[in-house]
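# Examining the three-dimensional arrangement
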Amino acid sequence: AKEFKCGNWQLLYLLSVSFFIIMTAITRTVSSTHPSSTAALQALASLVGLESSSITFAKEPLAKSANNDGEEAFTVEMKVTAHSPFSGTSTEYTANGLLGCARAICKAVPESGLWGQLLGLGLGSGNVQESLVESWIETATSTLIFPAYAASDERVKDVLIKEQVELLVASIEKHLTDSSKPFLVGDSVSAADIVISVLLADAIIRCKITISGQVERLLETILNNAEVEKIIGKKDIKPPSAADDVTEKVKELSVSVTDGNVVSNAVTEKLKELGIAHDTYSHTLSVKVEELLANVPLPEGETHTKNVFLKDKKHGIFLISVKADSDINTKALGKALNLKGKVNLRLANEEILMSSLGVKTGCVGPLSIMNNTAKDVTLVLDERLFAGDVKKIHSHPLTNDASTSMVPSELTRFLTGVGVEPVMLPFEVKSDDADGKEPATRPAATKEPKGQKKPQAPQEKKEKKASKKGETLLALQHKKSEDFASWYSNVITLSEMIAYYDISGCYILRPWSYKMWELVQNWFNIEIEKLEVENSYFPLFVSKDRLEKEKDHVEGFAPEVAWVTRSGDGELANHIAVRPTSETIMYPAFSDWIQSHRDLPLKLNQWSNVVRWEFKNPTPFLRSREFLWQEGHTAHATYEDSQVMVMHALELYRRVYEELLAVPVVPGYKTEEEKFAGGHQTTTVEAYIAGSGR
């Protein structure tokens, strides 16, 4: 009692709470669509000291669903059950995502300090430390989960995935170097170090990424910890370097040359194996087709190939091989290949080229398709290569200082022999003005002779709308007493406060009206600051599960909720609601932040927009589908404290109407039928409108 400077009743309260915690049985079950991904959480649970009897990790995977890209969605959750022997009742809640589960594990044993609770003691920075821990885990998990666990063996080879992991590694390296601290959040180990080290180790092993410097030191420190190693085993975080792999591949593909004639390499050996007549010869190194044409001129009837290696995120990888004088237009190509949806064919980088075809930039050709063992590259050939006037086709045999020539029918036989069926498309001859942006078949522009103007069709004169003398289009067209609705629309549009939009119930707030909103905000912010209320902002979207947790609350809004069901061309696996109000978004966060009476009161305000969709007769400023609003949310230790806050807020609302807007109102309470859905009671300020009698 002396230490806490409290009376006996408070000490008794503390003791009774402690007794309740000891006697309450709490069990936790962690499940995931990818059970191996829970290794970081297992290590975390062991380090904070959770007994194995109080937390279990399911070995069976959760049911999997597809995300909007058609890939398996990743899910991890922890179901927490607290059973009270006093009442015989149990309460349950679910922590979702790696971040939510990690937070729940650390909060179960706050004295471990792994969530930052002890890192800021004496410095007043505990909340800052917690925010940093959460930020690091959220950033890392969003990047690492897919390559570490969810991606297939083929998908994880995607260079874009590897680049994302490498960017995160670089970010961590820079942070550790700049901060001169041994760990991500200061001088002590935090949950962020443990979770990220385990995830990153699995990601770099699968992506074959080499790490060094501060990142390597951090991973070795965490992963070599006896407790962590007991959970996840020994991790080899030093895979062979990509440079070594490329060097070996280049050695395999190099061409043996004797007296200017190519003896053999993988392509020539395959041609011999298939019994295909060919001639392979060396020449000056030629990277581009223009260099090849200059260095190796060919007789009439023979042609070099021009080759482009393209990648589209949605549609895959394409090797395009055409006659040297053909025009490759990516926009027209997408249509010719009948690619659906958005098409964005771009040049693939050398790393993708090397991993897919085993060649470097400038060495690619139709013969290199033999190296595509994964069969994930589509070969597109120019029909003009097989026209009757083409006697021989010359192409690089995996190296750009040599070429292999053969008749067109032998190239077809080679492709059949390596199990490749090309797509044949007609490509036009490249014209002098072709810029790659328009189809090659576009008609040539005709130029007018200099000094001669193009004849123009006579223009019809537009009749001006007749108006009476003295009238302007700014005049009100309707009288308030005769047509109130039209008069109201005239007033708000001609005064330049509102502009109508092409979606019913949505309006554009022009500067005059938005300035009024800013004046209200400025006045209100000053007043709530006196009540120690702080501004914040919560997301616009809310998951279906979270929205439906408060059934009584959401039933009042169900007809008005707008749902996001699609993303691009795909259906979302889990539909997302656009907030009709923010209780179900904010209060789960409140439950995380409020751990004891010391965290109270919590007073937050939010300026935001909300959407309520289903209604009739929308009216600007009065009833719209999307509208700007202010909402205050506070949590208190007692009901009496909360009532004091409610009355303070109600008085502020009265003053806004009467002092700012000059609208007299009557403060009071809503009836049971009218009160806020799921609420205990609802206060209100009501205005009487004489014109409508309401």
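Residues numbered from 1 in each chain as written. Predicted model: local features only at pLDDT ≥ 70, side-chain atom pairs only at ≥ 80, totals over all residues. Heavy atoms only, no water.

## Quick look at the overall build of the protein
When helices and strands are tallied, the protein shows 20 helices and 24 strands. For the protein, with 694 residues in total, the buried portion stands at 39%. Look at the contacts in the protein between residues 6 or more apart in sequence, and 64% of them connect residues 24 or more apart. Accessible area of the protein: about 40900 Å², with a carbon and sulfur share of 54%. (Helix = DSSP H or I, 4+ residues; strand = E, 2+ residues; numbered from the N terminus. Buried < 20%, exposed > 50% of the residue type's maximum accessible area, 1.4 Å probe, protein only. Contact = heavy atoms within 4.5 Å. Areas by Shrake-Rupley, 256 points an atom, 1.4 Å probe, with all protein chains shown as cover.)

## Points about unusual backbone geometry
At the junction of Leu-600 and Pro-601, the peptide bond is cis and its omega measures out at -5 degrees in the coordinates. Looking at where Pro-601 falls in the secondary structure, it is placed in the loop between helix H19 (583-593) and strand E21 (602-611). With phi around 60 degrees, Asn-338 is a residue other than glycine that occupies positive phi space. Looking at the element boundaries, Asn-338 is found in the loop between helix H12 (330-336) and strand E10 (346-347).

## Let's talk about the sheet that holds strand E20 (residues 570-578)
Across the sheet, three strands lie side by side as E18-E20-E19; this open sheet has antiparallel pairing. Single-partner strands in this sheet number two, and they are strand E18 (541-543) and strand E19 (562-567). Each strand of the sheet is rotated relative to its neighbour by a mean of 45 degrees, with strand direction disregarded. Taken together, the five bridges between E19 and E20 define a ladder with antiparallel strand orientation. Residue Arg-566 lies in a different strand from E20, and its bridge partner there is Glu-571. (Pairing = 2+ DSSP bridges. Axes fitted to C-alpha atoms, helices over the stretch in contact; angles between N-to-C directions.)

## Looking at the confidence of the model for the protein
Here the protein averages 81 in pLDDT, and 81% of its residues register 70 or above. Averaged pLDDT values for the elements of the protein fall to 40 in helix H1 (residues 8-23) and rise to 96 in strand E17 (residues 534-536). Within the model, the stretch residues 1-23 combines pLDDT values under 50 with 11 contacts to residues more than four positions away or in other chains. Every residue in residues 241-261 is under pLDDT 50, and counting partners more than four places away or in other chains gives 30 contacts. (pLDDT = per-residue confidence, 0-100.)

## Structural notes on a nonpolar patch on the surface
Together, Leu-509, Tyr-514, Phe-621, Leu-622 and Leu-628 make up a nonpolar patch on the protein surface, roughly 480 Å² of accessible area in all. As for its placement among the helices and strands, Leu-509 is situated in strand E16 (residues 507-509). Look at Leu-509 and you get partly exposed, because its relative accessible area is 37%. (Patch = residues over 30% accessible without salt bridge, like charges linked within 9 Å, V, L, I, M, F, W, Y side chains within 5 Å. Salt bridge = Lys/Arg side-chain N within 4 Å of Asp/Glu carboxyl O.)

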